Amino acid sequence: LTIMAYDCYVAICKPLHYGTLLGSRACVHMAAAAWGGGFLNALLHTANTFSIPLCQGNDVEQLFCEVPQILKLSCSHAYLREDGLLAVSFLVSSSCFVFIVVSYVQIFRAVLRIPSEQGRH
């Protein structure tokens, strides 16, 4: 969604620079960053979950083996690591959200500056 917001921003606010700012190479880099970021986030959570020492056995009381249930079986303060990872994920998500909001505010400002109603449409 962040990349789509940036694409809309460049297309509306900087239309003459669109080809140079969003060429095929830039699109590949942005797509790789999105896929890589999602993969890294999943990998960190998975590695954290598998590195938790269990001292109460490995019987989970629910059908789904979710992180809170695994943390209940842990004999260490593993929840602090999980909370840290969740805080980092929240920070990244919040920064993406702020970027999206700023992009669309810039788009609305550019559209509202167009003098004629037909041009705005």
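Look above for the structure.
In what follows, the accompanying structure is described. Counting of residues starts from 1 at the beginning of each chain's written sequence and follows it residue by residue. With pLDDT at 70 or above as the cut-off, local features in this predicted model cover only qualifying residues; side-chain atom pairs require 80 or more to be listed or tallied, and sums for whole chains, interfaces and linings still use all residues. Heavy atoms from the whole structure form the basis of all side-chain values; hydrogens and water molecules are not counted.

## Quick notes on helix α1 (residues 2–13)
For step 1, the next point in the chain: Helix and strand definitions follow DSSP, with helices as H or I runs of at least four residues and strands as E runs of at least two, each counted in order from the N terminus. Here, expected helix span is obtained from the residue count minus one, scaled by 1.5 Å. With 12 residues, α1 should cover 16 Å at 1.5 Å per step; its first-to-last C-alpha distance of 16 Å lies within 8% of that length.
For step 2, the next point in the chain: Buried means the residue's accessible area, taken with a 1.4 Å probe over protein chains only, is under 20% of the maximum for its type, while exposed means over 50%, and partly exposed covers the values in between. Buried residues of α1: Ala-5, Tyr-9 and Val-10, and no others. Taken around the axis of α1, the buried residues stretch over an arc of 135°, which confines them to a single face. Note that the arc is computed from the directions linking the helix axis to the C-beta atoms.

## Here's the deal with the layout of surface pockets
Empty pockets left among the atoms are what a rolling probe the size of a water molecule brings to light.
For step 1, the next point in the chain: Whether a set of points on the 1 Å grid over the protein atoms alone is a cavity depends on a 1.4 Å probe fitting there but being unable to get out, while an open set qualifies as a pocket with protein on both sides within 12 Å along at least five of seven lines; lining residues are those with an atom within 4 Å of a point. Grid points are joined across faces, edges and corners, and a volume is the space filled by probe spheres set on the points. In this structure, the largest pocket encloses a volume near 490 Å³.
For step 2, the next point in the chain: Sorting the residues of the lining of the largest pocket by element identifies α1, α3 (24–50) and α5 (78–112) as the ones contributing at least two each.
For step 3, the next point in the chain: Residue contributions to the lining of the largest pocket peak at 9 residues, all from α3.

## Notes on the environment of Asn-41
For step 1, the next point in the chain: Here Asn-41 shows up in helix α3.
For step 2, the next point in the chain: Taking relative accessible area as the criterion, Asn-41 reaches 33% and is therefore assigned partly exposed.
For step 3, the next point in the chain: With 48 residues separating them in the primary sequence, Asn-41 and Ser-89 have C-alpha atoms 7.3 Å apart.
For step 4, the next point in the chain: Reaching out from Asn-41, the side chain makes a polar contact with the side chain of Ser-89 at a distance of 2.9 Å. Under the rule applied, a polar contact is a pair of N or O atoms within 3.5 Å (in protein, one hydrogen donor and one hydrogen acceptor; residues adjacent in sequence only if both atoms are side-chain atoms).

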